[in-house]
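Structural description and commentary
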Amino acid sequence: MKLPSMVKGWFNPTISPEILIMRYIATSKDKYFTLLVKQFNQPIYHYLLSQSDKETAEDIIQSMWLKVMNIKASHPAHSNVKSWLFTIARNTLIDELRRQNRWQTQSLDEQGAATDIQLLSQTNNNSLEQQFEYIDRLALFNRAITLLPFYQREAFIFQQEGFSLEQIAELTGESFETIKSRLRYARTYIKNLLEDKS
């Protein structure tokens, strides 16, 4: 007999990530770790890929899950496992980019960000215009995101992952106002580029 979807949900309730991590720490059973990976691997990998290249993203996500796998029973409980996992991924990524001498900080002021983006657009202007004739709006949107400075792109990606401004500020160790500024610059640039090319 086939069960209605609502009834099936009663037999297979979704376990919150906070419960999963507590059960994994308490029992070291792989099933809890596997469920955690299944829930968060794709969005974390997407974030890492947006901030680096495929090879680096794959290395970082493996390192991140190894760190999570090796947490001890004495490890403090986390009220927001998603933020905790993204924080581990972010810190591991920044450490790796520094190790590779690929870490660059960008100016946060509006003038500095606008100048960086304008220079990128001018440098690639001819080839971008030719490419934009053949690609759809989604590809243009993705291209706009890649042109953003690291911190603005990061804040934008985190917001797309469902983090609130307060959570992004906590995750990145920045002030609420700084995160608001980064998101404002990111959205303004993306909007301007999309309007310019439409």
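A short tour of the structure in this document, coming up. None of the values given here were measured: they were computed from a predicted structure.

Some details on the packing of aromatic side chains
The way to describe two aromatic rings as a pair is by their centre distance and the angle between their planes. One pass over the full model with this rule turns up eight aromatic pairs. Between Tyr24 and Phe33, the ring centres sit 5.3 Å apart and the planes meet at 40 degrees, which makes this aromatic pair tilted. Each member of the pair, Tyr24 together with Phe33, is buried. When the centroid spacing of 5.6 Å and the interplanar angle of 80 degrees are considered together, the rings of Phe158 and Phe163 count as edge-to-face. Summarising the burial analysis for this pair, Phe158 and Phe163 share the class buried.

Brief notes about the pattern of salt bridges
In this structure the tally under the stated criterion is five salt bridges. We note a salt bridge from Arg90 to Glu154, for which the minimum N-O separation is 2.6 Å. Pair noted here: Arg90 is in helix H5 (residues 81-99) and Glu154 is in helix H9 (residues 150-160), with a separation of 64 residues, a long-range link. Taking the relative accessible area as the measure of exposure, Arg90 reaches 7% and is therefore buried. What makes Glu154 buried here is its relative accessible area of 1%. A salt bridge links Glu174 to Arg182, with the nearest nitrogen and oxygen atoms 3.3 Å apart. In this structure Glu174 comes out as partly exposed when scored by relative accessible area, which is 29%. For Arg182, a relative accessible area of 2% puts it in the buried group.

A word on H5
Between its terminal C-alpha atoms H5 stretches 27 Å, which fits the 27 Å expected from 19 residues at 1.5 Å a residue. With a side-chain oxygen lying 3.2 Å from the backbone nitrogen of Lys82, the N-terminal cap of H5 falls on Asn80. A positive backbone phi angle near 60 degrees is found at Asn101, which sits one or two residues after H5.

Some points on helix H10 (residues 165-172)
Taken as a whole, H10 has its buried residues at Leu165, Ile168, Ala169, Leu171 and Thr172. Down the axis of H10, the smallest arc covering the buried residues is 165 degrees, so these residues share one side. In this structure, H10 carries Glu166 and Glu170 as exposed residues pointing more than 90 degrees from its buried face.

Some words on unusual backbone geometry
One non-glycine residue, Ser28, lies in positive phi territory at about 60 degrees. As for its position among the elements, Ser28 is in the loop between helix H2 (17-27) and helix H3 (30-51).

Describing the side chain of Gln51
Mapped onto the elements of the fold, Gln51 is located in helix H3. Among the polar contacts made by the side chain of Gln51, one reaches the main-chain carbonyl oxygen of Phe150 at a distance of 3.0 Å. Those residues in contact with Gln51 that lie beyond four places of it in its chain are Leu93, Leu97, Phe150, Arg153 and Glu154.

Looking at the nonpolar core
Counting 50 residues, the largest nonpolar core has Leu36, Ile44, Leu48, Trp65, Val68 and Leu85 as its most contacted members. Those elements that provide at least two residues to this core are H2, H3, helix H4 (54-69), H5, helix H8 (137-147), H9, H10 and helix H11 (176-197). Counting residues per element, this core draws most heavily on H5, at nine residues. What Trp65 contacts, discounting residues up to four positions off in sequence, is Phe33, Leu36, Val37, Phe40, Asn41, Ile44 and Leu85.

Definitions and cut-offs
- Counting of residues starts from 1 at the beginning of each chain's written sequence and follows it residue by residue.
- Restriction of local features to residues with pLDDT of at least 70 applies here, the model being predicted, together with a cutoff of 80 or more for giving and counting side-chain atom pairs; totals for whole chains, interfaces and linings are based on all residues.
- Each side-chain value is worked out from all heavy atoms of the structure, with water and hydrogens disregarded.
- In summary, the pairing rule links any two rings of Phe, Tyr or Trp, Trp by its six-membered ring, whose centres are within 6.5 Å, and it sorts them by plane angle into stacked for under 30 degrees, edge-to-face for over 60 and tilted for everything else.
- Between buried and exposed lies partly exposed: a residue is buried under 20% and exposed over 50% of the maximum accessible area for its type, with that area taken using a 1.4 Å probe on protein chains only.
- One speaks of a salt bridge when a side-chain nitrogen belonging to Lys or Arg is within 4 Å of a carboxyl oxygen belonging to Asp or Glu.
- For helices the rule is a DSSP run of H or I covering at least 4 residues; for strands it is a run of E covering at least 2, with both sets numbered from the N terminus onward.
- What a helix should span is 1.5 Å times the count of its residues minus one.
- Definition of a polar contact: a pair of N or O atoms within 3.5 Å, with one able to donate and the other able to accept a hydrogen when the atoms are protein atoms, and with sequence-neighbouring residues admitted only if both atoms are side-chain atoms.
- Starting at the helix axis, one direction is taken to each C-beta atom, and the arc is that of these directions.
- Residue contacts are defined here by distance: any two heavy atoms, one from each residue, within 4.5 Å place the two residues in contact.
- As used here, the term nonpolar core means buried Ala, Val, Leu, Ile, Met, Phe, Trp, Tyr and Cys residues forming a set that is joined through side-chain atoms within 4.5 Å.

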